[in-house]
Amino acid sequence: MPDRKVVFARKGLLSLLVDAEMASTIREDLEFQRSADRQEKGPLIAALRHAVRLAATFGPLIVDAIRGGLFMIHNSIKMASRNLAKSKGFSFINISGLALGMAACLFLVLWVQDERSYDFFHKNAVAIFRVDANWETVRSSLTPYPLGPAIEKDVPEVRTTARQASLGTVVLRAGEKTFYESFAQAVDPSFLRIFSFPLLQGNPESALSQPHSLILTETLARKYFGRESPMGKTLTMDGQFDFTIAGIMKDVPANSTIQYDLLVPLEFMREFGWYIDRWESVNVTTWAELGDRGQAEAVRTKISELFRTQLPSSPPEPELVALTSINLHASAQPGQTSQKIQTVYLFSGLAVAILLVACINFMNLSTARSSKRALEVGLRKVVGASRRNLIGQFYGESLLVAGIALLLALGLVLVLLPSFNALAVKSLTVRSLIRIEYLLAFLGVAFVAGLLSGSYPALYLSSFQPVRVLKGTLRTGAKSGLVRKALIVTQFGLAVIVLVGTLVVLKQLNYLRSKNIGYDKDQLIYVSLQGETRNGFNVFRERMIRETKVSGVTGIFQKPTMFGSRVSGADWEGRTPEQNPSIFYSAVDPHYIETMKIEIVQGRPFSADLSGDFADEALINRSMARTVPDGYVANPANAFLINEELSRQMGGKDLVGKRMKFLGTDGVIVGVMKDFHFQTVQKKIEPLVLFTSPKHVRFAIVRLPEGNISASLAAVRTIWELVFPNYPFEYRFYDEDFGRMFLSERQMGTLLQWAAVLAITIACLGLFGLASFLAEQRTREIGIRKTLGATSAGVALMLAKEFLRWVFLANLIASPIAYIISERWLRGYAYRISLGGSAFVLALTLTLGVALLTISRQTLKTARINPARCIKYE
Amino acid sequence: MTSLTRIEEILLLAIWKLRDNAYGISIREQVEIDTGVDWLAGAIYAPLNRLKKKRFIAARTADRPGEYGGRPRIYYTLTPRGREELCAIQAMTRNLWAGVRLLPNDTGGR
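Residues numbered from 1 in each chain as written. Chains lettered and ligands numbered in written order. Predicted model: local features only at pLDDT ≥ 70, side-chain atom pairs only at ≥ 80, totals over all residues.

Student: I tried to follow the overall build of chain A on my own but got confused; where do I start?
Tutor: Assigned secondary structure in chain A consists of 27 helices and 24 strands. With 874 residues in all, chain A has 38% of them scored as buried. For chain A, contacts bridging at least 24 residues in sequence account for 81% of all contacts bridging at least 6. (Helix = DSSP H or I, 4+ residues; strand = E, 2+ residues; numbered from the N terminus. Buried ≥ 20, exposed ≤ 12 C-beta atoms within 10 Å, placed from the backbone. Contact = placed C-beta atoms within 7 Å.)

Student: How should the interface of chain B and chain A be read in this particular structure?
Tutor: Interfaces are often described in size by the accessible area the parts lose on coming together. Contacts between chain B and chain A engage 16 residues on the former and 19 residues on the latter. Where the side of chain B that touches chain A is concerned, the elements lending two or more residues are helix H2 (24–35), helix H3 (41–53) and strand S2 (73–78) of chain B. Sort the elements by how many residues they give to the side of chain B that touches chain A and H3(B) lands first, with 8 residues.

Student: Would you mind showing me how to read the nonpolar core here?
Tutor: A general tendency of soluble globular proteins is for nonpolar side chains to be buried together. All names here are of chain A. Core analysis: the largest hydrophobic core is formed by 110 residues, its most contacted members being Leu214, Phe640, Val689 and Ala700. Residue contributions to this core peak at 7 residues, all from strand S4 (residues 158–174). Residue contacts for Val689: discarding those within four places in its chain leaves Ile583, Tyr585, Phe640, Ile642, Leu646 and Phe662. Ranked by size, the runner-up nonpolar core spans 90 residues in total, among them Ala409, Val445, Val498 and Ile855. (Core = buried A, V, L, I, M, F, W, Y, C linked by C-beta atoms within 7 Å.)

Student: How do you make sense of the environment of A:Lys658 when you look at a structure like this?
Tutor: Residues and elements named next belong to chain A. Mapping Lys658 onto the fold places it in the loop between helix H20 (644–649) and strand S20 (659–662). For Lys658, a count of 15 C-beta atoms within 10 Å translates into the label partly exposed. Spatially, the C-alpha atom of Lys658 lies 9.9 Å from that of Gly671, the residues being 13 residues apart in sequence. If we skip the residues at most four places from it in the chain, Lys658 touches Trp572, Glu573, Gly574 and Ile669.

Student: Just to check I follow, could you spell out the pairing of strand S13 (residues 524–528) of chain A for this structure?
Tutor: Regular strands place side chains that alternate from one sheet face to the opposite one. All names here are of chain A. The element S13 is largely enclosed, with a buried count of 5 among its 5 residues. Side chains Leu524, Tyr526 and Ser528 of S13 all project onto a buried face; the interleaved residues Ile525 and Val527 project onto the opposite face, where all are buried too. Of the strand pairs in this sheet, S13 and strand S23 (residues 699–703) are connected by 5 bridges, and their pairing is antiparallel. Across the sheet, residue Tyr526 finds its bridge partner in S23, namely Ile701. The pairing of S13 with strand S24 (residues 731–733) spans 3 bridges and is classified as antiparallel. Bridge pairing in S24 places Ile525 opposite Phe733. (Pairing = 2+ DSSP bridges.)

Student: So what exactly am I meant to see when it comes to the packing of helix H3 (residues 88–116) of chain A against helix H13 (residues 436–460) of chain A here?
Tutor: When two helices pack together, you describe them by how their axes are tilted relative to each other and by the distance separating the axes. All names here are of chain A. One can describe the packing of H3 onto H13 by two numbers: an axis separation of 11 Å at closest approach and a directional angle of 140°. The interaxial crossing formed by H3 with H13 has right-handed handedness. Where H3 abuts H13, its residues Leu98, Met102, Cys105, Leu106 and Val109 lie against Ala441, Phe442, Val445 and Ala449. For the contact of H3 with H13, the class distribution of residues is 9 nonpolar, no polar and no charged. (Axes fitted to C-alpha atoms, helices over the stretch in contact; angles between N-to-C directions. Left-handed = near helix turned anticlockwise from the far one by under 90°. Nonpolar A, V, L, I, M, F, W, Y, C, P; charged D, E, K, R; others polar.)

Student: Honestly, unusual backbone geometry in this entry has me stumped. Any pointers?
Tutor: If a residue is not glycine, its phi is most likely negative; likewise, a peptide bond is most likely trans. The phi dihedral of A:Asp119 is positive, around 70°, even though this residue is not glycine. Within the fold, A:Asp119 resides in the loop between H3 and strand S1 (128–134). Positive phi, normally seen in glycine, also occurs at B:Arg19, with a value near 55°. In this structure, B:Arg19 sits in the loop between helix H1 (6–18) and H2.

Student: What's the story with the packing of helix H23 (residues 743–777) of chain A against helix H26 (residues 838–863) of chain A in this structure? I'm lost.
Tutor: All names here are of chain A. Two numbers describe how H23 lies on H26: the axes approach to 9 Å, and their chain directions differ by 20°. In terms of their interaxial angle, H23 and H26 are classed as roughly parallel. Two packed elements cross with a definite hand, and for H23 against H26 that hand is right-handed. On the side of H23, the interface is formed by Ile760, Cys764, Leu767, Phe768, Ala771, Ser772 and Ala775, while H26 contributes Val850, Ala851, Thr854, Ile855, Gln858, Thr859 and Thr862. Classifying every residue of the contact of H23 with H26 gives 9 nonpolar, 5 polar and no charged. (Parallel < 35°, antiparallel > 145°, perpendicular 65-115°, else oblique.)

Student: How do you make sense of the confidence of the model for chain A when you look at a structure like this?
Tutor: Detailed reading of predicted coordinates is not advised where the pLDDT is low. Residues and elements named next belong to chain A. With 89% of its residues at a pLDDT of 70 or more, chain A shows a mean pLDDT of 80. Note that residues 1–10 has pLDDT below 50 and, in this model, 0 contacts with residues that lie over four places away or in other chains. Predicted confidence for residues 616–636 stays below pLDDT 50, and this span has 27 contacts to residues more than four positions away or in other chains. (pLDDT = per-residue confidence, 0-100.)

Below, the structure written as structure tokens:
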């Protein structure tokens, strides 16, 4: 009954605006006229006239109400702003300190919120799980190809499954336009049903039903087709597969862990011979949407049974990872906390700490002013103000200040948002700020800040007895002094923690950056090889060596700076049954070792002579081949190079020359490489096996000669374009990749730096306010001291000591806490600095120095005072 | 000097004229008769509310058994303050018009 609802709403509004009697009067008249209209003019006109009358009634009433409200607010604003204007310096310090703190806090809250919002935009987000597999030693998000359909068939609790696999980098051509695309995914058609990635054009049910259909994001569609409609047009992949565009998709939101630019059907991958209906083919990510998320454990047990029946020799243990937990919690090995969630905790803590420091500042300054306000309180009480009035006034004042600070903080956030985005590599927009949760959160922050900071004056000052205050016998000395000092200690303590944290992060970052990675990464570029360029690698290499001055050309299967695949189950002469290391591996071109300048500690590198060292092609096909090479005969003389870490895990000595069975193929260990970082530098160097197979080169690596880099690059480009006219030349520097590896540390360092600057600034603002207040309070004491023979220097020292003592104490308390936090953070790194005392000493010196600078002006001014003037200041 | 707006003044006078029979509908109808304007109901209630808040008028609840489903009706009467105010207005209006003879086609010598 919609009619009734309207009546209720009107009743509600009316009783808000006027009292019950007036409401009744108005209602009676409105109903009277309405029924009269109904009889005379029919229901339609009656309804119209009624609506006009409603507007005419409520309009003026609302205007009246607003006027009345404004008057009240206006009055209290006037009171508060008078108090603020009376002490401009204090007010400025108060408001700017709080605003800075709030702005910083808001940024951190935004960041944390954004990180936590990942993947929640899917309609059924909480019921979607990724099926991971724990193999003997390795946990992987990749699962057997037939797993998805098998789950759908055998596990009734699962509503739908979808498989997803990355295509790696592909070359796309539409007409004249050719680009590399590295965010291509192959998925089951059910992918679009499980996840809420809306299609702008095309039918989600049928868009992926043909093996050669394809879905593009808006951005990609514009890139290839401009303003033309791309639907039904053709895109050529890797120069050999033609796809028809069957759908245009909205761009994937930034807060999605699944990122892609284009989707092709998983069925298409069969043409590569890459995905085979065999349980040994572990290549796809499997997503499962449950009917009820509470049944995850039951589903897990059933999948475990599936694994045991299908892979009886070595069944992996499945694990269901909730989609919404992936961003923050996943990607870590079992038993390890992920870096992301730690950072989220850290930043949340930091947000609270900074807000706390700002609020403490505010409380501190209000406390300091308390004796000045005490007189006011006394007078007000004498005139008849109740304690409740006063509490209201003080809270009102502090809420007003918090409100002003909030407005300032919001202004700061708006102005600084682009810089923050650049810093944190986020794409938060002003629009993403305007959400009811955020607005409520901001108001909440202001409210809590106002309450926290207003509590002391409101609750303590309002209890002053007017007689004592007015007679001047009230001492706000010892007790409140202690509170104030405790506040200063807390404030500086927090500043010290942030400061030490910053120093530790920067030091660790520096350490990682300058760490010897085990090969020479300077002047090294790599180019991804796609389609025909793979078969042409040798031609490219020959011509490069012959025609340019480059120092070396080689190739590799894995991504050059980030090897991804690992296996266990290697066997070798002299292995004990317990030894079963999980080993990373890659096929390389025979010139890899010399080009990269990797040191060989035992044995020899691969021989460049093309007859000896090749791995059994069958082995590679089984593990990673994308194309079946033509008739290569198994070679018993497969050569393996192992790294020192593997050599250690294999028992150490005399491994060169031993026979080794790896990936099911026999070979010989020809040498041991010095450990080098083949993944990010943060990660521990894991066991590694390299073998040669020029046919499986996926990346060409070129070492440019020292000197004119752009000239050398131009030379490489010329050769590339001669050999592969259809493929654009897109290269990357190893250095670039290395810079990217430290992104999260760099971000954290910068953010912490700003937080440290802020914490110290706010702490100093507080200290400054306090120093000027105390100096003022002690003028007479100082005057007497000087009359009795104290020197200016002596007085200055005395005043400075007073404050520095507390800053020192803050360091003493905060350092152990900072130590514990830093230790925990550093524990996440395989290679880390040891925590020396230097960071702590630096933090101590810095805080003491800054504190001294802050109070020096006031202190010196007070110390140089003419005693004759201040002693008789009454 | 009175602090009432014109509509407040008109309302106050209407309530005075209605004596014991001043309630929402009757007040509106009286105002319509006095001014010759078809007042939209709403326009009188904001000023009526103001008069009540300024305590120039007081409300009184009267039960009407049997009528309108037995809902009580609110009647308004002038408070002593309201009466004083109305007297002051009357005096002022008289002063303002004293000695002025205004005829429909008198242009005032201009």
